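Here is how the chains run, residue by residue.
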Amino acid sequence: MKLITNYKYWILNLIGWVVFALLMLTIDKISYSGDIPTNYVNYLIVEGVLCGLLGYVLSFIILFYIENYFDIGNYTKTDVYKLIGVVIGTQVLYHMLLWPILNIPIEYYMGRSISLTLIQKLTNVPHFLAYFVVWLFVVLTLKLVHHINTIKVRQLQLEANLKEAQLNTLKGQINPHFMFNSLNNIRGLMLEDVDKARGMLTSLSETLRYSLTKSDVNSISLEDELEMVENYVEISKIQFENRLQFETNIDSETLNKQIPPMIIQMLVEKALKHGISNIKSGGEVKLSTLIKDNQLQIIVANSGTLQKSENSTHLGLQNIKKRLELLYGKDATFTLKEIENEVVATIKMPLV
């Protein structure tokens, strides 16, 4: 933020200097005087204006130094001493110019010139120094506020970039993991049933196309996600045959709600990999969605029990939790429980 090139600052600074000088100098003298000649009142007004104008002009010397040589966010003691030196030098210049300038109106209104001793002039130094101290405080406060706001904006940008990078990394974990399982299924079918393998490839191509087109977004409609899940289930049914039963109970009001892409697919994949595949007779996977307590709830329940495997990294579950945290913070939750011989995964997220 460059004040010296901001015309609004020039105007406000001029008004501020003149008004402040009139209040501190002219009004103060008039209020403590009794009946005074009109000429003297006029002189006091001109005196206040001239003091303010001179301070206004010389304040740009200090401002020039601040904006070019004083970094409000990274200054040293030496910088502070230099700033004090600039202020003192400006004060010397102010007092050198002030008294000759004030001689003009006092001769015009009072018919005489100013005759002050050096001591009398020095006693006025603190008074006029106060003008510059007040001005300097205002300017440095503006600079500090701008600096803090800039830091906040940069921090938000960094957090947004970091969040985007993390999300992209998590998305990159989904596609290879899903492709690995699907290609293994196709490899197992190639020598057994070519037609089924062809059907699986068709469904896989549709799923991968969806994955690629949605990889650059953080949210999609639940309805679009369900189409991909259906393709995934079709692929899985070829592998599990009649061992897999898949049911859905979808609330129509949830179809247009936005969710992270491929998050339901991961829930279903986990239900098949850690649930149905471990049951010889097969089992059932139930997918349901509903809106409750102003939240979208996605529930995937599968036959089986929760099993702890030392070889499992739980990458998929960590992925889901991390994505929800990055996108929604504490407003979204993910739970995994065993309820009456079923493993129930529940996602609750804000309505978008």
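Just so you know, these numbers come straight off a predicted model, no measurement behind them.

Draft legend 1. A look at the overall build of the protein. Scanning the protein for helices and strands turns up nine helices and seven strands. Among the 352 residues that make up the protein, the fraction classed as buried is 36%. At a minimum sequence separation of 6, the contacts of the protein that also span at least 24 residues come to 75%. Put simply, the protein shows about 20400 Å² of open surface, and 59% of that area lies on carbon and sulfur atoms.

Draft legend 2. A look at the sheet that holds strand β2 (residues 244-250). Strand order in the open sheet made by the five strands is β2-β4-β5-β7-β6, with mixed pairing throughout. If you trace the sheet from one side to the other, it starts and ends with β2 and β6 (333-338), each paired once. With strand direction ignored, the average angle separating the axes of adjacent strands in the sheet is 10°. The sheet contact formed by strand β4 (residues 283-292) and strand β5 (residues 295-303) spans eight bridges and is antiparallel. Each bridged residue has a counterpart across the sheet, and for Leu-287 the counterpart in β5 is Val-300. With respect to the sheet, helix α8 (residues 263-274) is in contact with β2, β4, β5, β6 and β7 (342-350), its orientation differing from that of β5 by roughly 20°.

Draft legend 3. How the structure looks around the nonpolar core. Of all hydrophobic cores here, the largest spans 35 residues; its most connected members are Ile-259, Ile-264, Ile-298, Leu-324, Ile-347 and Met-349. Within the residue set of this core, elements represented by two or more residues are α7 (222-240), β2, α8, β4, β5, α9 (315-328) and β7. Ignoring any residue separated from it by four or fewer positions in sequence, one finds Met-349 in contact with Gln-258, Ile-259, Pro-260, Gln-295, Leu-296, Ile-298, Leu-324, Tyr-328, Asp-331 and Ala-332. Judged by nonpolar contacts, the second largest core, of 30 residues, contains Tyr-65, Tyr-94, Trp-135 and Val-139.

Draft legend 4. Focus on the pairing of β7. By the criterion of burial, β7 is predominantly enclosed, with seven of the nine residues buried. With nine bridges connecting them, β5 and β7 associate as antiparallel partners. Following the sheet pairing, Ser-303 is matched in β7 by Glu-342. Of the pairings in the sheet, the one linking β6 to β7 comprises six bridges and is antiparallel in character. Bridge pairing in β7 links Glu-338 to Val-343. If you look at the hairpin formed by β6 and β7, you'll find three residues sitting between the two strands, and Glu-340 has a positive phi there, around 50°.

Draft legend 5. Seen up close, the pattern of salt bridges. Enumeration over the complete set of coordinates arrives at three salt bridges. The residue Lys-143 makes a salt bridge to Glu-67 at a minimum N-O spacing of 2.7 Å. Of this pair, Lys-143 sits in helix α5 (residues 125-189) while Glu-67 sits in helix α2 (residues 38-69), and the two are 76 residues apart along the sequence. Residue classification places Glu-67 among the buried residues on the basis of a relative accessible area of 11%. Lys-286 serves as the salt-bridge partner of Glu-342, at 3.0 Å between the closest nitrogen and oxygen. In this pair, Glu-342 is assigned in strand β7 and Lys-286 in strand β4, connecting sequence segments 56 residues apart. Given the relative accessible area of 30%, Lys-286 is considered partly exposed.

Calculation notes
Residues numbered from 1 in each chain as written. Predicted model: local features only at pLDDT ≥ 70, side-chain atom pairs only at ≥ 80, totals over all residues. Heavy atoms only, no water. Helix = DSSP H or I, 4+ residues; strand = E, 2+ residues; numbered from the N terminus. Buried < 20%, exposed > 50% of the residue type's maximum accessible area, 1.4 Å probe, protein only. Contact = heavy atoms within 4.5 Å. Areas by Shrake-Rupley, 256 points an atom, 1.4 Å probe, with all protein chains shown as cover. Pairing = 2+ DSSP bridges. Axes fitted to C-alpha atoms, helices over the stretch in contact; angles between N-to-C directions. Core = buried A, V, L, I, M, F, W, Y, C linked by side-chain atoms within 4.5 Å. Salt bridge = Lys/Arg side-chain N within 4 Å of Asp/Glu carboxyl O.

Geometric descriptors of this kind do not, in isolation, establish any biological role.
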